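Chain residues, written in single-letter form:
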Amino acid sequence: MARLRGAAALFFPVFFGAALLLFPDVSAAAAREGVALCLQTVLPSLFPFFVLSSLLVQSDVPRLLSRAMAGVMYPLFGVSGAGASALILGLLGGYPVGARTVAELYGRGEIAREEAEQLLAFCNNSGPGFFLGVCGTAVFGSARAGAYLYLIHVGAALVTGVLLRRDLGLPRRKAVSRQRAPFDLAAALPAAVQGSFAAVGSVSAFVIFFMVLLRLLSLVPALAALPPLPRAALFGFVEMTNGVNALPATRTGFVLCAAIMNWGGLSVQAQTRAMLAGSALSARRCVIGKAVQALAGVPLALIAAQRLF
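Each chain carries its own residue numbering, running from 1 in the direction its sequence is written. Thresholds applied to this predicted model are a pLDDT of at least 70 for local features of residues and 80 or more for the giving and counting of side-chain atom pairs; totals over whole chains, interfaces and linings are not thresholded and use all residues. Note that water and hydrogens are dropped before the side-chain values are worked out from all heavy atoms of the structure.

Undergrad: Could you clarify how one ought to interpret the packing of aromatic side chains in this entry?
TA: Two numbers describe a pair of aromatic rings. These are the distance of the centres and the angle of the planes. Any two rings among Phe, Tyr and Trp, with Trp reduced to its six-membered ring, count as a pair given centres within 6.5 Å; such a pair is stacked if its planes are under 30 degrees apart, edge-to-face if over 60, and tilted if neither. A full pass over the atoms with the stated rule returns nine aromatic pairs. Plain terms: the ring middles of F140 and F254 are 5.8 Å apart, the flat faces sit at 70° to each other, and that makes the pair edge-to-face. Residue F140 is located in helix 8 (residues 128-140), and its partner F254 is located in helix 14 (residues 251-263); the two are separated by 114 residues in the primary sequence. Any residue under 20% of the maximum accessible area for its type is buried, any over 50% is exposed, and the rest in between are partly exposed; the area is computed with a 1.4 Å probe on protein chains only. F254 gets classed as buried once you look at its relative accessible area, which sits at 0%. Among the aromatic residues, ring-to-ring pairing joins F16, F209 and F210 into one connected group. For the cation-ring pair, R100 lies above F50, with the distance from its terminal atom to the ring centre recorded as 5.0 Å. The helix and strand labels rest on DSSP assignments: H or I over at least four residues marks a helix, E over at least two residues marks a strand, and numbering proceeds from the N terminus. Over a ring means this: the NZ of a Lys or the CZ of an Arg is within 6 Å of the ring centre and within 35 degrees of the ring normal.

Undergrad: Even after reading the chapter, I still don't get unusual backbone geometry, so can you show me in this structure?
TA: Of all residues except glycine, most have a negative phi; of all peptide bonds, most are trans. Following Y95, the chain continues to P96 via a peptide bond in cis, the omega torsion being -10°. Along the chain, P96 turns up in the loop between helix 5 (84-93) and helix 6 (97-107). Non-glycine residue A280 carries a positive phi angle of around 70°. Within the secondary structure, A280 sits in the loop between helix 15 (265-276) and helix 16 (284-308).

Undergrad: What should I look at first to understand helix 9 (residues 143-163) in this one?
TA: Within an α-helix, residues lying three or four positions from one another point in the same direction, as the helix has 3.6 residues per turn. Expected span, for any helix, means 1.5 Å times one less than how many residues it has. Taking 1.5 Å per residue, 21 residues should reach 30 Å; helix 9 reaches 30 Å between its end C-alpha atoms and fits that length. Residues A145, G146, L149, Y150, I152, H153, V154, A156, A157, T160 and G161 constitute the buried set of helix 9. Note on definitions: a residue-residue contact is assigned when non-hydrogen atoms from the two residues lie within 4.5 Å. Elements in contact with the buried residues of helix 9: helix 4 (70-77), helix 5, helix 7 (113-120), helix 8, helix 14 and helix 16.

Undergrad: Hey, could you run me through the pattern of salt bridges in this one?
TA: Should the charged atoms of two oppositely charged side chains come close, the side chains can pair. Salt-bridge detection follows one rule: a side-chain nitrogen of Lys or Arg within 4 Å of a carboxyl oxygen of Asp or Glu. Taken as a whole, this structure holds three salt bridges when the rule is applied. Between R215 and E33 there is a salt bridge, with the nearest N and O atoms lying 2.8 Å from each other. With R215 in helix 10 (residues 185-217) and E33 in helix 2 (residues 24-58), this residue pair connects regions lying 182 residues apart in the sequence. A relative accessible area of 22% means that R215 is categorised as partly exposed. According to the relative accessible area criterion, E33 is partly exposed, its value standing at 36%. Of the charged contacts in the structure, one is a salt bridge between R100 and E104, with a shortest N-O distance of 3.3 Å. Of this pair, R100 and E104 both sit in helix 6, four residues apart, which is roughly one turn of that helix. For E104, a relative accessible area of 19% gives the class buried.

Undergrad: What is the right way to read helix 2 from this model?
TA: Taking the largest bend as the criterion, helix 2 deviates by roughly 45°, centred on V42, and proline P44 comes between one and four positions later. Among the residues of helix 2, S27, A30, G34, C38, V42, L46, F50, V51, S53, S54, L55 and V57 are the ones counted as buried. Axes are fitted to the seven residues ending at a residue and to the seven starting at it; the angle between these axes is taken as the bend at that residue.

Undergrad: Can you help me understand the side chain of E117 in this one?
TA: Residue position: E117 is located in helix 7. Excluding residues within four positions of it along the chain, E117 makes contact with A280, L281, S282 and R285.

Undergrad: Mind showing me how you'd approach the side chain of K290 here?
TA: Inspection of the secondary structure assignment puts K290 in helix 16. All tallies of charge rest on Lys and Arg as positive and Asp and Glu as negative; His and the ends of each chain are not included. Notably, K290 is buried but unbridged: the nearest opposite-charge side chain belongs to E239, and the N-O separation is 14 Å. Within the structure, the side chain of K290 is placed 2.9 Å from the backbone oxygen of N124, a separation counted as a polar contact. Distance and chemistry together define a polar contact, namely a pair of N or O atoms within 3.5 Å, with one atom able to donate a hydrogen and the other to accept it when in protein, and with adjacent residues in sequence counting only for side-chain atoms on both sides.

Undergrad: Looking at this model, I keep getting lost on a nonpolar patch on the surface. Mind explaining?
TA: Only residues whose relative accessible area exceeds 30% and that form no salt bridge are eligible for patches; like-charged ones are grouped when within 9 Å, while nonpolar side chains (Val, Leu, Ile, Met, Phe, Trp, Tyr) are grouped when within 5 Å. We get accessible surface area from the Shrake-Rupley algorithm with a probe of 1.4 Å; when it comes to residues, only the shown protein chains can shield them. Together, F183, L185, L189 and V193 make up a nonpolar patch on the protein surface, roughly 310 Å² of accessible area in all. Here L185 lies in helix 10. Of the residues examined, L185 reaches a relative accessible area of 47% and is grouped as partly exposed.

Undergrad: Whenever I open this one, the confidence of the model for the protein confuses me. Can you help?
TA: The predicted coordinates should not be examined in detail at positions where pLDDT is low. The pLDDT score gives, residue by residue, the confidence of the prediction method on a 0 to 100 scale. In this model, the protein carries an average pLDDT of 89, and 93% of its residues clear a pLDDT of 70 or more. Across residues 172-177, where pLDDT falls below 50, the model places four contacts with residues more than four positions away in sequence or in other chains.

Undergrad: Before we go on, may I ask you to explain the environment of L217 in this structure?
TA: Looking at the element boundaries, L217 is found in helix 10. Residues L217 and F15, spaced 202 residues apart in sequence, show a C-alpha to C-alpha distance of 9.7 Å. Apart from the residues within four sequence positions on either side, L217 is in contact with F15 and L223.

See the structure below:
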């Protein structure tokens with residue numbers, strides 16, 4: 001197994017480097033497409049939510065939610081009410097806002113490490129904009145289909161949180177009273193904006209990289225010859241935008257779209273790890289959670305597809 005991993009680790013940079021040298025025009029075109037996607041979609045959609053999450057975590061909102069939502073979050077998911085902010089922002093802001101919010105809550109001492117990693121299993125999700133605009137209107141020609149897909153996404157995330165619930169013993173922990181300085185918006189805003197811009201830059205770098213990688217992989221004859229559904233599934237496993245755009249507007253394509261969006265792709269996994277860098281949090285629970293969420297969304301998508309197709 002170790003030798004196989006070593007061989008795979010060696011093969012990838014060799015393949016990628018050779019492909020860049022052999023097909024520079026394809027690589028450059030894919031990179032330009034990735035940059036355009038970041039400027040038109042990633043930056044406008046993620047940056048405001050990154051700033052919002054930073055400001056909310058520094059304010060009194062997590063402590064207010066901890067008291068207000070404890071009766072819901074702990075029985076269902078085994079976490080304190082403070083994690084509600086990560087769940088809500090993750091479902092509204094899109095990948096990887098949820099993961100970044102969890103990391104900031106942990107960094108501010110609002111949640112413990114075990115709780116943070118538990119939240120990563122179900123709080124890192126896609127936002128409604130992508131479902132309505134790309135999945136619904138662009139792929140299936142129906143905003144209704146996009147709304148159904150988003151509801152499936154939310155339902156699968158909540159089901160995943162329940163299925164992967166662990167008893168962390170939170171009610172038995174004594175509350176620790178921490179003295180905090182009053183929230184100062186004038187001081188918090190510059191740091192939130194600068195940190196959010198850097199985070200969006202990191203996400204954009206992964207989007208561009210995986211865009212180039214998939215364009216190069218599509219040149220492999222065996223992959224280029226794949227039928228539409230297996231091709232979309234493979235591309236979606238790596239990067240969800242390319243996978244979704246390759247889907248046919250059919251019932252099977254709808255179900256596969258739900259699975260791809262719930263998984264998020266290797267690109268989202270890499271973005272998540274970047275958001276957790278320096279926090280000492282493990283991304284293992286996030287990977288497990290996205291796999292469970294992809295499976296949990298299939299029966300929900302099959303039910304919804306009966307009404308749409």
